[in-house]
Amino acid sequence: MVGLTLDGAGQVPGPAGSRVTPECNGSSTDGVQWDVMRALKRRLEADLDGAFVEVVDRYGSMVLSVAGRIGDPATAEELTQETFLRAYRALSAGGLDLDRLELRPWLATITMNLVRNEGRRRRRKPADPLPAWGDDRLASASPALEDRVVASETEQALLALLGTLTRPQHDAVVLRHVVGLSTAETAEVMGCPPGTVRSHLSRGLAALRSALESGPEEET
Amino acid sequence: MSEDPVTAGLESLGLAMADDLRLDVLDRVGLCDRYWVTEVSGLRLAVAFGDRGISLIRGLGKPGEFEAEYSRRFGRRGLRAAHDPPPGLLPALRSGEGGRVSVDLRRSSGFQSDVLGAAREIPAGETRSYAWIATRIGRPGAARAVGRALGTNPVPIVVPCHRVVRGDGDLGGYIFGLEMKEELLRREGVTLDTGRGRP
């Protein structure tokens, strides 16, 4: 069974999957200085518990955005928790080469895998109720999140248009422009070459633009 | 180009992690401790605890004060209200027998841990001097340092630093004030003979 099990480690990608793509303009780090990231990684080695709180604070919104904008907003908070649980377990198990590990795309990849598994699980058993996570907070938290995610009509329109893109275009546009990953990071998370990402991006954005232009003008 | 409404609109679709979710995440990972509020002899206490035991006991002051001290000591771990008190806490606070309650002293120095460990050996209803503790931990002459270590005891009452008094019979100091020290000792049956204006 491929479901969302808690045994984590098996589905957590290692840094071996990360590619260094110097031909991509811009670095594959996440816009923070290299030495800041190195210092954080060193703290992860020295004091995992203390430094992991920093990782959650730094990347929580990024992970939530992947979970809620690639996947279903109703399960985004749950998948965010699950992402960090798996990351924590992988880090505490050791064996990851922290020097080569890029935290941001690594976390985004874990989230993407969870989103895909969740989608697969639902398609297999469409009649299933929402997963029983043993916690009723999810039920009360989800409406609040859904209130937050649909803030304006313009955003709602944009979300609807995003839904009309092909899956790879959708994912590329969301990872690059909603989540804010670099092109190289987007390529890493999607598991395809950066050139392919660029082509998904330009087609996806063009489709969004023409749909917005042909649709009714909305001034706010 | 930078004013492109489409990319600007997409950017605004990003989601922000709220405090509740942050705590949920830390909780799920095991990096969120709990607190319980209780009362001992009229003093309202906040008690923080995690898997390893009780980590902080302080008087309940202004809102946010306890959380602030907690994060000073333990970093930005999560802290949220507990559904139940930590095992053994309430009987320990009632009886003064805190010996079986687990405490988490990881953030205490080695010296302070030694001092607190020695203080834990003092049975209810008895007192010892700062010098006794100093000798007990193999640091005779460090009585003043013992006093300072007890003065910042992270888990008072459970580690009964109120049973440590000065050699001359003076009560010394106490983190919750001298009145509370007297009250705790009195309810354990210690006869106070401190010449503090009592009959």
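Provided above is the structure to which this section pertains.
Attention in this report is confined to the structure presented alongside it. Computed from a prediction, not measured in an experiment: that's the story for all the values here.

1. Digging into the overall build of chain B
If you tally the helices and strands in chain B, you get eight helices and six strands. When the helices and strands of chain B are read in sequence order from the N terminus, they spell out α-α-β-β-β-α-β-α-α-β-α-α-β-α. A principal-axis box enclosing the C-alpha atoms of chain B has dimensions of 80 × 35 × 30 Å. Across the 199 residues that make up chain B, the buried fraction comes to 45%. Contacts in chain B between residues at least 24 apart in sequence constitute 56% of all its contacts with a sequence separation of at least 6. Considering chain B, the positive charge centre built from 29 side chains and the negative charge centre built from 26 side chains are found 7 Å apart.

2. Some details on the sheet that holds strand E4 (residues 78–81) of chain B
All names here are of chain B. Taken in spatial order, the four strands of this open sheet run E3-E2-E1-E4, and their pairing is mixed. Two strands in the sheet have a free side with no partner beyond their single neighbour: strand E3 (53–59) and E4. On average, each strand axis in the sheet is inclined to that of its neighbour by 30 degrees, with strand direction left out of account. For strand E1 (residues 32–40) and E4, the ladder comprises four bridges, and the chain directions are parallel. Residue Arg-34 lies in a different strand from E4, and its bridge partner there is Arg-80. Lying on the sheet, helix H2 (residues 19–29) is in contact with E1 and E4; it crosses E4 at an angle near 100 degrees.

3. A look at the nonpolar core
General note: in soluble globular proteins, nonpolar side chains tend to be found buried as a group. Ranked by size, the top nonpolar core spans 64 residues in total, and within it A:Phe52, A:Phe84 and B:Leu10 carry the most contacts. Looking at this core element by element, the count peaks at 13 residues for helix H2 (residues 48–70) of chain A.

4. Notes on the packing of aromatic side chains
We describe a pair of aromatic rings using the distance from one ring centre to the other and the angle between the two ring planes. Counted by the stated rule, this structure contains four aromatic pairs over all chains. On the numbers, 6.1 Å between centres and 85 degrees between planes, the contact of A:Phe52 with A:Phe84 is edge-to-face. Here the residue A:Phe52 occupies a position in helix H2, and A:Phe84 occupies one in helix H3 (residues 73–93), the gap between them amounting to 32 residues. Owing to a relative accessible area of 0%, A:Phe84 belongs among the buried residues under this scheme. Taking 4.7 Å as the distance between ring centres and 35 degrees as the angle between the ring planes, the aromatic pair formed by B:Tyr70 and B:Phe74 counts as tilted. Of this pair, B:Tyr70 and B:Phe74 both sit in helix H3 (residues 65–74), four residues apart, which is roughly one turn of the helix. Note on accessibility: B:Tyr70 and B:Phe74 belong to one class, buried. Three or more aromatic residues joined by ring pairs form one cluster here, namely A:Phe52, A:Phe84 and A:Tyr88.

5. Looking at the pairing of E1(B)
All names here are of chain B. One ladder, built from seven bridges, connects E1 with strand E2 (residues 43–50); its direction is antiparallel. Paired with Val-37 across the strands is Ala-46, a residue of E2. Between E1 and E2, which pair antiparallel in sequence order, lie two residues; one of them, Ser-41, sits at a positive phi of approximately 45 degrees.

6. Brief notes about the interface of chain B and chain A
How big an interface is tends to be reported as the loss of accessible area on association of its parts. Across the boundary between the two partners, chain B contributes 26 residues, which contact 36 residues of chain A. Summed over both sides, the interface between chain B and chain A buries roughly 2,700 Å², with carbon and sulfur atoms accounting for 65% of that surface. Summed over the three residues of chain B that lose the most area to chain A, namely B:Leu13, B:Leu15 and B:Arg28, the buried surface amounts to 29% of that side. In this assembly, chain B and chain A are joined by four salt bridges.

7. Comments concerning helix H1 (residues 34–46) of chain A
All names here are of chain A. Compared with the 18 Å implied by 1.5 Å per residue over 13 residues, the 18 Å span of H1 between its first and last C-alpha is a close match. All buried positions along H1 are accounted for by Met-37, Leu-40, Lys-41 and Leu-44. Down the axis of H1, the sector holding all buried residues measures 100 degrees, keeping them to one side. Relative to its buried face, H1 has exposed residues pointing more than 90 degrees away, namely Asp-35, Glu-45 and Ala-46. If you follow the buried residues of H1, they end up packed against H2, H3 and helix H4 (103–124).

8. Let's talk about unusual backbone geometry
Residues and elements named next belong to chain B. Of note, the phi angle at Ser-41 is positive, near 45 degrees, even though the residue is not glycine. Looking at the secondary structure, you find Ser-41 in the loop between E1 and E2. Positive phi is not limited to glycine here, since Ile-157 has a value of about 75 degrees. Looking at the secondary structure, you find Ile-157 in the loop between helix H7 (143–151) and strand E6 (164–165). Look at Ile-157 and you get buried, because its relative accessible area is 1%.

Rules and cut-offs
Residues numbered from 1 in each chain as written. Chains lettered and ligands numbered in written order. Predicted model: local features only at pLDDT ≥ 70, side-chain atom pairs only at ≥ 80, totals over all residues. Heavy atoms only, no water. Helix = DSSP H or I, 4+ residues; strand = E, 2+ residues; numbered from the N terminus. Buried < 20%, exposed > 50% of the residue type's maximum accessible area, 1.4 Å probe, protein only. Contact = heavy atoms within 4.5 Å. Lys, Arg positive; Asp, Glu negative; His and termini not counted. Charge placed at Lys NZ, Arg CZ, Asp CG, Glu CD. Pairing = 2+ DSSP bridges. Axes fitted to C-alpha atoms, helices over the stretch in contact; angles between N-to-C directions. Core = buried A, V, L, I, M, F, W, Y, C linked by side-chain atoms within 4.5 Å. Phe/Tyr/Trp six-rings, centres within 6.5 Å; stacked < 30°, edge-to-face > 60°. Buried area = accessible area lost by both parts, 1.4 Å probe. Salt bridge = Lys/Arg side-chain N within 4 Å of Asp/Glu carboxyl O. Expected span 1.5 Å × (residues − 1). Arc of directions from axis to C-beta.

Coordinates in, geometry out; function isn't part of it.
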